[in-house]
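Working through the structure, step by step
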Amino acid sequence: MSNSMTIFRREFGSYFNSPIAYIFIIAFLVLNSGLFMTSFFLGGAADLRGFFGNLPLFLIFFIPAVSMRLWAEDKKTGTFELLMTLPMPTRDVMLGKYFAAFAFYLVALLGTLPLPIMVSALGNPDMGAIVSGYIGAALLGGLYMAIGMFTSGLMRDQISAVILGIMACFVIFILGIPTVATTIDGWVPGFGSMLQHYLGLSDHFNMMLRGVVSLGDLAYFLGLTTVFLTLNALWLEGRKY
Amino acid sequence: MIEVRGITKSFGTMRALDDVSFQIGKGEILGFLGPNGAGKSTTMKIITTFLAADSGTVEVDGIDVLKNPLAVRHRIGYLPENVPLYLDMNVHEYLRFVGEARGLSGNKLRDRLDWCVEACGLTTEFKKTIGELSKGYKQRTGLAQALIHDPDILILDEPTSGLDPLQIMGIRELIKSLAGSKTIIFSTHILQEVSPVTDRVVVINEGRIIADGDVNALARDAMQTNRVYVGARQFGDAVEADLRALAEVSEVSPAEMTSADGCRFEVRGPFDQDLVAAIDKLAREKAWELTELHEATFSLEDTFIALTRDARENGSRGVA
């Protein structure tokens, strides 16, 4: 635990050692709020569904851009060799890095808090749906981050890492879309629906937008995140041979 | 302290290490020599648990590197060839991070930080961002990182590469000052770097150990004959003839001139004869005005060429 904390502090601090963090956060807030606000007054409903609804697609690009450096940069600068010869399990290094990146995303997400404040000033929103929406947004970001971190581990340079990360996140996203599922069902009956249920994220995420946080949806996000983190750890161990 | 037994490592179809074995006792310093791409770094990566060997074993302090890598890592301070620095941190933050990651805290960490900064000559650069440091200071910061937890074993991969002569001397002094209390392996492709620090060398080429032992003895064996440079202000032909007449001399050849007048020769002879003394005696008898008289230092290039040639001949003989 203290191992991971040491790594966490160094990694989290590094985001704010360069202007990249601020540029990222500003871009995240401007684009997200901009997208949301352009249609907000047309809809006339005091809720944040539009905002959360944009996230699965928007984060496909934002999260891999954050996670691309997680291993690729260390491999390029040589610090990877330092991290892998520290007297702590590889898992601890990985978790420290993962949670630092995740915390950075949460900071960006916290920056959107003026939106619910504005909405509640304008009308009478369903606060339950907003809270569960934020939980969903955090879990979604956590999943994408695990995928992006995994692809960053596979690659030596950040550009390949970000492209592979975007593609991997996109697969998870697109498998959840009903049209895609029915198309695959047309080729192999039942297979598309199975993928949609177990891998696709739309169903699970949309439930949270409606204010429902079910155990199954939590299990989906946390389970898939764990799968990618485990793959990452296995790859890091297997790299030695 | 470190026992490497028959390790082999391939990357794809490329065989990087082939049955490499050597050992180092406690408190010993070992110069690990070899041309670029010979397998020095790969060997060090296996000892430090960064990579695993395909076959063979490595024991550090009696602990197998594959069975208990964390215990091995605790005992080792490692400076990789590509110095692992976070360019966005300052020296202090960086060393503190590595110290904490290695389990130091409180007073112990503070004492070690002070010691490392002092020993590695980083006092003036302590608060500077690593990205702004010169190559020499970056290298020192990397060295300080390897020393922060006061390890029993130091593994330094090309610690002096890219440094200017003054900085090289600084690093050399530092390694020497650690002698005795620590077991050190350092790699280099420059033979002259080894002799001021230690006599024990292991030479590796194309993934095989081709020599292990005392550096001067190795160089002599490899070079076969001793060489002495003689320079005199006298006319060349007479000097050459007199030199040839000496019993100890087997060969005399003109050498490149270092000044405009006089002559200069390379004189070869067996190692068991004192060539310098014999020539000195001759020069006094003939009243030569000597400008130069010294034994040649063995250049890395020559020794390597000789050693690798021997290894190849032995190898082909083995096959035939």
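Residues numbered from 1 in each chain as written. Chains lettered and ligands numbered in written order. Predicted model: local features only at pLDDT ≥ 70, side-chain atom pairs only at ≥ 80, totals over all residues. Heavy atoms only, no water.

Turning our attention to helix α2 (residues 20-43) of chain A. All names here are of chain A. Under the 1.5 Å per step criterion, the end-to-end length of α2 is 34 Å for 24 residues, consistent within 8% with the ideal 34 Å. If you look at α2, its biggest bend is around 25°, right at Met37. Check the buried side of α2 and you find it contacts α1 (2-16), α3 (49-67), α6 (90-110) and α7 (114-122). Just past α2, the residue Gly44 takes up positive phi, approximately 75°. (Helix = DSSP H or I, 4+ residues; strand = E, 2+ residues; numbered from the N terminus. Expected span 1.5 Å × (residues − 1). Bend = angle between axes of the 7 residues up to and from the residue. Contact = heavy atoms within 4.5 Å.)

Glancing now at the nonpolar core. Leu59, Phe62, Tyr105 and Tyr144 of chain A together with Phe22, Ile47 and Ile185 of chain B are the most contacted members of the largest nonpolar core, which totals 133 residues. Of the residues forming this core, the biggest block, 13 residues, is contributed by helix α8 (residues 127-154) of chain A. Setting aside anything within four residues of it in sequence, one finds Ile47 of chain B in contact with Ile2, Val4, Phe22, Val58, Val60, Val65, Val72, Ile76, Ile155 and Ile185 of chain B. (Core = buried A, V, L, I, M, F, W, Y, C linked by side-chain atoms within 4.5 Å. Buried < 20%, exposed > 50% of the residue type's maximum accessible area, 1.4 Å probe, protein only.)

Below, the discussion takes up the sheet that holds strand β9 (residues 200-205) of chain B. Residue and element names in this part refer to chain B. Here we have 6 strands laid out as an open sheet, ordered β6-β7-β8-β3-β9-β10, and mixed in their pairing. In the strand order of this sheet, the two ends are held by β6 (76-79) and β10 (208-214), each with one partner. For this sheet the average axis-to-axis angle between neighbouring strands, irrespective of direction, equals 15°. For strand β3 (residues 29-33) and β9, the ladder comprises 3 bridges, and the chain directions are parallel. Across the sheet, Leu33 pairs through a bridge with Val203, a residue of β9. Relative to β6, helix α5 (residues 135-147) is tilted by about 165°, and along the sheet it contacts β6 and β7 (153-157). (Pairing = 2+ DSSP bridges. Axes fitted to C-alpha atoms, helices over the stretch in contact; angles between N-to-C directions.)

As enumerated under the stated definition, the model contains 28 aromatic pairs over all chains in all. Each ring, one from Phe36 of chain A and one from Phe40 of chain A, has its centre 5.2 Å from the other, and the planes form 50°; the classification is tilted. In this pair, Phe36 of chain A and Phe40 of chain A are both assigned in helix α2, 4 residues apart and thus about one turn of the helix distant. You'll find Phe36 of chain A and Phe40 of chain A in the same group, each marked buried. When the ring of Phe52 of chain A is compared with that of Tyr134 of chain A, the centres are 5.1 Å apart and the planes differ by 90°; the resulting orientation is edge-to-face. Of this pair, Phe52 of chain A sits in helix α3 while Tyr134 of chain A sits in helix α8, and the two are 82 residues apart along the sequence. Each member of the pair, Phe52 of chain A as well as Tyr134 of chain A, carries the same accessibility label: buried. When the ring centre of Tyr15 of chain A is taken as reference, the NZ or CZ atom of Arg69 of chain A above it lies at 4.8 Å. Stacked on the ring of Phe50 of chain B, the Lys or Arg Arg239 of chain A has its end atom at 4.4 Å from the ring centre. (Phe/Tyr/Trp six-rings, centres within 6.5 Å; stacked < 30°, edge-to-face > 60°. Lys NZ or Arg CZ within 6 Å of the ring centre and 35° of its normal.)

All names here are of chain B. Among the structural elements, Leu218 can be located in helix α7 (residues 215-223). In sequence terms Leu218 and Val65 are 153 residues apart; their C-alpha atoms lie 30 Å from each other. The contacts of Leu218, once residues within four sequence positions are left out, are Val201, Val203, Ala211, Asp212 and Gly213.

All names here are of chain A. A cluster of nonpolar side chains, contributed by Trp187, Val188, Phe191, Met194 and Tyr198, occupies part of the molecular surface with about 600 Å² of accessible area. By residue number, the principal contributor to the nonpolar patch is helix α11 (residues 191-198), which donates 3 residues. Looking at where Val188 falls in the secondary structure, it is placed in the loop between α10 (178-187) and α11. Given a relative accessible area of 43%, Val188 falls into the partly exposed group. (Patch = residues over 30% accessible without salt bridge, like charges linked within 9 Å, V, L, I, M, F, W, Y side chains within 5 Å. Areas by Shrake-Rupley, 256 points an atom, 1.4 Å probe, with all protein chains shown as cover. Salt bridge = Lys/Arg side-chain N within 4 Å of Asp/Glu carboxyl O.)

On the secondary structure map, Thr8 of chain B appears in strand β1 (residues 2-11). The residues touching Thr8 of chain B, leaving out its near neighbours within four places in the chain, are Arg15, Leu17, Asp18, Asp19, Ala53, Asp54 and Ser55 of chain B.

Residues and elements named next belong to chain B. Inspection of the entire model under this criterion finds 2 cavities of 30 Å³ or more. Volume-wise, the second largest cavity comes out at about 40 Å³. What lines the second largest cavity is simply Pro159, Thr160, Ile171, Arg172, Ile175, Phe186, Glu193 and Val197. Taken together, the residues of the lining of the second largest cavity break down into 5 nonpolar, 1 polar and 2 charged. (1 Å grid on protein atoms, 1.4 Å probe; cavity = no way out; pocket = protein on both sides within 12 Å on 5 of 7 lines; lining within 4 Å. Points joined across faces, edges and corners; volume = space filled by probe spheres on them. Nonpolar A, V, L, I, M, F, W, Y, C, P; charged D, E, K, R; others polar.)

A word on the pattern of salt bridges. Taken as a whole, this structure holds 26 salt bridges over all chains when the rule is applied. Close ionic contact of Asp92 of chain A with Arg91 of chain A constitutes a salt bridge, the shortest N to O distance being 3.5 Å. The class for Asp92 of chain A is buried, based on a relative accessible area of 7%. Ionic pairing is found between Glu28 of chain B and Arg200 of chain B, a salt bridge with its closest N-O pair at 2.8 Å. One end of the pair, Glu28 of chain B, is in the loop between β2 (14-24) and β3; the other, Arg200 of chain B, is in strand β9, with 172 residues separating them in the sequence. Residue classification places Glu28 of chain B among the partly exposed residues on the basis of a relative accessible area of 26%. Given a relative accessible area of 16%, Arg200 of chain B falls into the buried group. Within this structure, Glu11, Arg69, Glu73, Asp74 and Lys97 of chain A form a network of salt bridges that share partners.

Time to look at the sheet that holds strand β13 (residues 263-269) of chain B. Residue and element names in this part refer to chain B. Spatially, β12-β13-β11-β14 is the arrangement adopted by the 4 strands of the open sheet, whose pairing is antiparallel. With partners counted over all chains shown, the strands left at the sheet margins are β12 (251-254) and β14 (290-295), one partner each. The sheet shows a mean angle of 20° between the axes of neighbouring strands, direction not considered. Sheet topology places strand β11 (residues 226-232) next to β13; 7 bridges connect them, and they run antiparallel. Bridge assignment links Val228 to a residue of β13, and that residue is Val267.

With a probe scaled to a water molecule rolled over the atoms, the places where space remains empty come into view. As a volume, the largest pocket reaches approximately 440 Å³. Along the walls of the largest pocket sit 19 residues, with Phe80, Glu81 and Arg156 of chain A together with Lys45 and Phe50 of chain B positioned nearest its centre. Of all the secondary structure elements, the ones that give two or more residues to the lining of the largest pocket are α4 (69-77) and α5 (79-84) of chain A together with α1 (40-47) of chain B. Element by element, the count of residues in the lining of the largest pocket is highest for α1 of chain B, at 3 residues. Across the lining of the largest pocket, the residue classes break down as 7 nonpolar, 4 polar and 8 charged. Quantified by volume, the second largest pocket comes out at close to 360 Å³. If you trace the second largest pocket, you find 21 residues lining it, with Ser14, Ser18, Ile20, Arg69 and Glu73 of chain A closest to the centre. At the level of elements, α1, α2, α3 and α4 of chain A are the ones that each hand at least two residues to the lining of the second largest pocket. Partitioning the lining of the second largest pocket into residue classes produces 11 nonpolar, 5 polar and 5 charged.

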